[in-house]
Amino acid sequence: MSRQLAILLVEDDENDVFFLKRAFEEAQIDNAVQVARDGQEAIDYLSGTKDFANRSRYPLPCLIILDLKMPNKTGLEVLDWLRQQPVLRCIPVILFSSSAHRNDVERAYRFGANAFVVKPPSTEDRTDLARFIKGFWLRFNEPPMMCTEGLEAAQRFHASASEGGGQAIGVAS
Amino acid sequence: MNSSDRDQRSSAQIARVLAEIARLLESPDNQDERLHCVLKAVGELVPYQSCALLIERSDEATLLAMPEPAANSRPALQSSLWRLLHAMKGNGETVSSSIEANRLVLPVIAADRVIGLLRVEGGEAYELEDVQLLSAVASQLGTYLTMVDLTAREREARKEAERLHSLLADKAKHLEELVQERTGELRASIAELESFAYSLSHDMRAPLRAIQSFSQAVMEDYGKDIPPTGIDYLKKMVSASARMDRLIQEVLAFSRLSRQQITLQPIDVEKLLREIIQERPEFQTAQVDIEIQSPLLSVLGHDASLTQCITNLLSNAVKFVNRGVKPRVRIWSEAMPPADGPPMRWVRLWFEDNGIGIDKEAQRRLFGLFQRLHPDTEYQGIGIGLAIVRKAVERMGGSVGVESERGKGSRFWIQLQGAES
């Protein structure tokens, strides 16, 4: 269960932020929704630098919803960066895009996306999507340890895992 | 020349000197030096005080003289010999020699043409034998100069051949560069097109999504306070932006069709058709009567493209009927006799409907992009379905057509290569 954990929404289009938050309300998602306005801000948020040093205000998310086409750093660049971070790399990521451009879909998965969603244009579809996200990602899905137990525990776990003999992050239960 | 001198000139010596001259005149290289040596050797055959050789080639004269005349007397010598040469040529007796007591002038003849003269001047009178010996040398010189001339011409011909060859190579290189340049330009314009399509699918859909969503949000949040006409307007905004979004997607599908590589393979049309009908609710028996005249001939095609064609044709057949009429579609295939060209088996797939039909006039523009024949309100459509059919069929190497009359239904056909079965 990850009802109380944060969701990080990385999206440069204010309208899309507005409508997704609205759909989340409609679907009664109680999780805090943190917003990063472009790819660089997402990287700053996740690495806890610049304005995002305060982890209690800006907690690590249990799910990242990542827009594909953004200024500064694109969604794929953020994803590529994220999947190279020793500890952060296991956070689930849903890629959000305006289109199912074949290249984008293939590259997203190769960079380690957990899902690829075309932004629904209608309110009904968007609310449906929010309900599915709630039902699957926030209810049935078990998030990795750093979200539930804190970053330090995850880092300790990572250190012991990389010394050899340890288990990989996320397998612990 | 007195007889004692002549005695000294033994036949062995003559043979030796002539052989020496022949040896000197073997090669075209260092021509002037060789000719100088010849003139020197002539002195051993026909003793002289001075000896001169004038050669005229392409209106240019070369003068060789022994002993070398003073620089200031050289032009005079050359012009007097030049006049002598032209006098020889002019009187028509080109081979005649001029014999004076102490002076011999002999023409040098190359390939039946006088190209020069050889003159010796001695202190004493020359005799017949001197003339004979000198004319032997002159004739050798003529042969030599012919050879030199030929060699030069051959060299020139070879040079010309080389020039032409390198010219050709240059042209080929230029063409290659041109091809590469054009290919590059083409690639760039394709890339531009792709980026345009990409921007169409991303940047242009975002504001559309906002229009649609805000209209819906207004209805949801403030619907109670808006009179029914206002709600109606908002609904029209939603449906218009939804239609625009569909349009964008269809245009993208169309542009993808033009660009993507397809490979043709045998397709069981009947199986494909039944799958398409099964998958779509609007093609079910409750909505439409579809009659397939089995068996349908197989074709060579591209699965996704053919699926798109059939779906679009069926959708049109279902969509464009008079109000209250249940659409009816009959599908059959026909093997076409090969035309004059290579013996290739063509298969025509027919789709006959009981729809509203199409004017002869309208049929010609039916397969173009954005050709809608019916007003928006009456029939839903965005005018790209048949353009996609045509483009897809053409990409599969086939053709498309229609037979119709207003009010009497339509018969669409697509023709593709038959698959050997």
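The following refers to the structure shown. Remember, predicted model here, so these are calculated numbers, not experimental data.

**Topic: the overall build of chain A**
Thought 1: Summing up its helical and strand segments, chain A has 7 helices and 5 strands in all.
Thought 2: Starting at the N terminus and ending at the C terminus, chain A contains elements arranged as β-α-β-α-β-α-β-α-β-α-α-α.
Thought 3: Burial analysis of chain A (173 residues in total) assigns 51% to the buried set.
Thought 4: Counting only contacts in chain A whose residues sit at least 6 apart along the sequence, the fraction spanning at least 24 positions is 64%.
Thought 5: On chain A, roughly 8600 Å² of surface is accessible, and the fraction owed to carbon and sulfur atoms is 47%.

**Quick look at the sheet that holds strand β11 (residues 399–404) of chain B**
Residues and elements named next belong to chain B.
Thought 1: With mixed pairing, 5 strands are arranged side by side in an open sheet as β7-β9-β10-β12-β11. Strand pairing shows two members of the sheet lacking a second neighbour, β7 (289–292) and β11, which therefore form its edges. Taken over all neighbouring pairs, the strand axes of this sheet differ in orientation by 20 degrees on average, direction set aside.
Thought 2: Here strand β10 (residues 346–353) pairs with strand β12 (residues 410–417) via 7 bridges, running antiparallel.

**Concerning helix α7 (residues 228–259) of chain B**
Residue and element names in this part refer to chain B.
Thought 1: The terminal C-alpha atoms of α7, which comprises 32 residues, lie 47 Å apart, in line with the 46 Å expected from a rise of 1.5 Å per residue.
Thought 2: Among the residues of α7, those classed as buried are G230, I231, L234, V238, S241, D245, I248, L252, A253, F254, S255 and L257.
Thought 3: Buried positions along α7 lie against α5 (128–202), α6 (205–222), α9 (303–319) and α11 (385–395).

**With respect to the environment of B:M219**
Thought 1: The topology assignment puts B:M219 in helix α6.
Thought 2: Residue contacts for B:M219: discarding those within four places in its chain leaves B:I231, B:L234, B:K235 and B:V238.

**Notes on the nonpolar core**
Thought 1: Of all hydrophobic cores here, the largest spans 55 residues; its most connected members are A:L46, A:I64, A:L66, A:L95 and A:M146.
Thought 2: If near-sequence neighbours (up to four positions away) are discounted, A:M146 is found in contact with A:L60, A:V87, A:L88, A:C90, A:I91, A:L151 and A:A154.

**Description of the packing of helix α5 (residues 123–140) of chain A against α6(B)**
Thought 1: Contact geometry for α5(A) and α6(B): axes closest at 9 Å, N-to-C directions at 90 degrees. Taken together, α5(A) and α6(B) sit at an angle that is classed as roughly perpendicular. In contact with A:T123, A:E124 and A:R126 of α5(A), α6(B) contributes B:R209, B:S213, B:Q216 and B:E220.
Thought 2: For the contact of α5(A) with α6(B), a count of residues per class yields no nonpolar, 3 polar and 4 charged.

How each quantity is defined
- Residues numbered from 1 in each chain as written.
- Chains lettered and ligands numbered in written order.
- Predicted model: local features only at pLDDT ≥ 70, side-chain atom pairs only at ≥ 80, totals over all residues.
- Heavy atoms only, no water.
- Helix = DSSP H or I, 4+ residues; strand = E, 2+ residues; numbered from the N terminus.
- Buried < 20%, exposed > 50% of the residue type's maximum accessible area, 1.4 Å probe, protein only.
- Contact = heavy atoms within 4.5 Å.
- Areas by Shrake-Rupley, 256 points an atom, 1.4 Å probe, with all protein chains shown as cover.
- Pairing = 2+ DSSP bridges.
- Axes fitted to C-alpha atoms, helices over the stretch in contact; angles between N-to-C directions.
- Expected span 1.5 Å × (residues − 1).
- Core = buried A, V, L, I, M, F, W, Y, C linked by side-chain atoms within 4.5 Å.
- Parallel < 35°, antiparallel > 145°, perpendicular 65-115°, else oblique.
- Nonpolar A, V, L, I, M, F, W, Y, C, P; charged D, E, K, R; others polar.

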